[in-house]
Amino acid sequence: RRNRMTMFQGRVVVLGLCVVAVNLVLLVQLVRLAVVDGAEHSVLAESRLHEQSWLPTWRGSILDRTGRVLARDEPAYDVAFSYDAITGAWVRQRAVREARRVAGSTAWSAASPQQREQLIARQRLGIQQELEDFWIEVEGLASLQPGDLDERRNDVLATVQHMAAVVWEQQRLRHEARFSADDPGPEFRPRPIAEQEAFHVLLPAVDDETAISFRAMEDRLPELVQVRHARHRVNPYEQDQIELDRSTLPRGLRSATTTSVTLDGVAGHLLGGVRRPVWEEDVVRRPFRDVRTGVVDRGGYLLDDEVGSGGLEQGWEEHLRGSRGSVRTRRDTGEETRVAHEPGRDLQTTIDIDLQGRVEAVLSDAVGLLNVQPWHGTARLDQGRPLNGAVVVLEIESGEVLASVSVPSRSAGMGMTEIEREVRQPWADRALEAVYPPGSIIKPLVLAAASAEG
């Protein structure tokens, strides 16, 4: 009887087991938060303790064989607009603030949800008109064609919404992985992604006068517009004037005079260009921030970045692209940590830009060498019709490419109709990308084989 537990001792044992069970649950939760999801929570905690801003970088230059710059970045101004202004969500946000201010804090706190909505609705109409007037003013300052600004806004909306859908799907899958079918846990609620709280460039590389006008607008409406220092890609030899001797042309085109040929978009296929905003495949290939861990790649892509499009700009994207710098500020102490940017590397080519321009001039419509002529003896094509073609000039000893021309040019494609673009395919670099049956180009191979066989 002395060894049997009393009622008090039994209660103590039950209480002790409950304490142990509670501590086990807390210990499991601690391990999950600190070990399993530790990296993610650490990044989130650090992000709340620090304020991070990113410093711009610039792309490397593309040079010809003598060191002349074919493409480079130059300082410019970009005008960016808040995502809430683009979506129109700013109207409600502003209406809520105005309704609270007009009603007063006491009346606002005592009002029911229905009464608050009525107060907001009274302010909303005027603020909606204010936003519409804002976009009309932007369109006028930027000298845009009607509808052009709406198209840019819609492009940003479509891109951000698609990015958000991808991120939220990944977040949902991670959320569901934390729980079982028996215990689904709390309902998943997507968090806004960074692009939904950022400013987006709608007016890239504006001139100084336009930038000053938008600076004044920024002083009035800092929550809607930002003027940023940026860089713009320029091709110094894009336009050229060539004096061409006609004395060596075919007889029907030959004359003792010279022809002055104005070229636009010299080496367009060869150099390519840059585009913005980025596409989904750019972000997938090199994201700026890893969705799972939050780790930042300073050379990764943000929505407003420039990306190489075609030619050397695309083929050597990783070589030409730089890495951003950063300024990290602690909110509690104000201490700043700076990381310098890394500019992109220059790209030296074997191209002779003077020769490139002369070859393009020879193939231009002003000369007529690449147009249908009477001596071609064809009834299927109209006289004077422009033809497609390509010329590559190689240095025999080294095999280096001195010039590479494709006709029609990319710039010529901008002035074509949809049908002409479909037929002539001005975006294709015929020296590299087009597929042709082997014509006379096969003859040197036959000659080499015959010579090898004696």
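This is a predicted model, so every value here is computed, not measured.

The subject of this paragraph is the overall build of the chain. Summing up its helical and strand segments, the chain has 16 helices and 14 strands in all. Against the globule reference of 22 Å for 454 residues, the chain gives a C-alpha radius of gyration of 32 Å, more extended than a compact globule. Its C-alpha atoms give the chain principal-axis dimensions of about 125 × 70 × 50 Å. Looking at the chain as a whole, 33% of its 454 residues are labelled buried.

The terminal C-alpha atoms of helix α4 (residues 89–103), which comprises 15 residues, lie 22 Å apart, in line with the 21 Å expected from a rise of 1.5 Å per residue. Restricting attention to buried positions, one finds in α4 the residues Trp-90, Val-91, Arg-94, Ala-95, Glu-98 and Ala-99. Considered in projection along α4, the buried side chains sweep an arc of 160 degrees and stay on one side of the axis. Looking at the buried residues of α4, the elements they touch are α3 (83–87), α5 (105–110) and α6 (113–141).

With that out of the way, let us pick up helix α13 (residues 353–362). Where α13 is concerned, the buried positions are Ile-353, Gln-356, Gly-357, Val-359, Glu-360 and Ala-361. Here the buried face of α13 lies against β3 (69–82), β6 (239–245), β7 (258–264), α9 (268–271), β13 (389–394) and β14 (401–407). Where α13 begins, the side chain of Asp-352 points an oxygen toward the backbone nitrogen of Asp-354, at a separation of 3.0 Å.

Within this structure, the stated rule accounts for 29 salt bridges. Asp-64 is the salt-bridge partner of Arg-68, the closest N and O atoms lying 3.0 Å from each other. Asp-64 gets classed as buried once you look at its relative accessible area, which sits at 0%. The shortest N-O distance in the salt bridge between Asp-282 and Arg-275 comes to 3.0 Å. Of the two residues examined, Asp-282 and Arg-275, each falls in the buried class.

What follows covers the nonpolar core. Of all hydrophobic cores here, the largest spans 41 residues; its most connected members are Phe-81, Phe-134, Trp-135, Val-138, Leu-203 and Phe-214. Those elements that place two or more of their residues in this core are β3, α3, α4, α6, α7 (148–177), β4 (199–206), α8 (208–220) and β5 (225–234). No other element matches α7, which puts 7 residues into this core. Excluding its chain neighbours within four sequence positions, the residues that come into contact with Phe-134 are Phe-81, Met-217, Leu-221, Leu-224 and Val-225. Judged by nonpolar contacts, the second largest core, of 20 residues, contains Ile-62, Ala-267, Leu-270 and Ala-361.

Right, let's talk about the packing of aromatic side chains for a bit. Scanning all chains against the criterion turns up 5 aromatic pairs. Consider the rings of Trp-54 and Phe-288, whose centres lie 5.0 Å apart with planes at 85 degrees: the pair is edge-to-face. Of this pair, Trp-54 sits in strand β1 (residues 50–55) while Phe-288 sits in the loop between α10 (280–285) and β9 (307–309); the two residues are 234 residues apart in sequence, bridging distant segments of the chain. Measuring from ring centre to ring centre gives 5.1 Å for Phe-134 and Trp-135, while their planes differ by 65 degrees; the resulting arrangement is edge-to-face. Exposure class is identical for Phe-134 and Trp-135. Each is buried. Among the aromatic side chains, those forming a connected cluster through ring pairs are Phe-81, Phe-134, Trp-135 and Phe-214. Against the face of Trp-135 rests Arg-153, its NZ or CZ located 4.3 Å from the ring centre. Over the face of the ring belonging to Trp-279 we find Arg-275, whose NZ or CZ atom lies 3.6 Å from the ring centre.

It is the contact of α6 with α8, at a shortest axis distance of 10 Å, that shows an interaxial angle of 160 degrees. Taken together, the axes of α6 and α8 lie roughly antiparallel to each other. With respect to the hand of their crossing, α6 and α8 are arranged in right-handed fashion. Between α6, through Phe-134, Glu-137, Val-138 and Leu-141, and α8, the contact on the second element is made entirely by Thr-210, Ser-213, Phe-214, Met-217 and Arg-220. Of the residues that constitute the contact of α6 with α8, the class distribution is 5 nonpolar, 2 polar and 2 charged.

Rules behind the numbers
- Residues numbered from 1 in each chain as written.
- Predicted model: local features only at pLDDT ≥ 70, side-chain atom pairs only at ≥ 80, totals over all residues.
- Heavy atoms only, no water.
- Helix = DSSP H or I, 4+ residues; strand = E, 2+ residues; numbered from the N terminus.
- Rg over C-alpha atoms; globule rule 2.2 N^0.38 Å.
- Buried < 20%, exposed > 50% of the residue type's maximum accessible area, 1.4 Å probe, protein only.
- Expected span 1.5 Å × (residues − 1).
- Arc of directions from axis to C-beta.
- Contact = heavy atoms within 4.5 Å.
- Polar contact = N/O pair within 3.5 Å; in protein donor to acceptor, adjacent residues only side chain to side chain.
- Salt bridge = Lys/Arg side-chain N within 4 Å of Asp/Glu carboxyl O.
- Core = buried A, V, L, I, M, F, W, Y, C linked by side-chain atoms within 4.5 Å.
- Phe/Tyr/Trp six-rings, centres within 6.5 Å; stacked < 30°, edge-to-face > 60°.
- Lys NZ or Arg CZ within 6 Å of the ring centre and 35° of its normal.
- Axes fitted to C-alpha atoms, helices over the stretch in contact; angles between N-to-C directions.
- Parallel < 35°, antiparallel > 145°, perpendicular 65-115°, else oblique.
- Left-handed = near helix turned anticlockwise from the far one by under 90°.
- Nonpolar A, V, L, I, M, F, W, Y, C, P; charged D, E, K, R; others polar.

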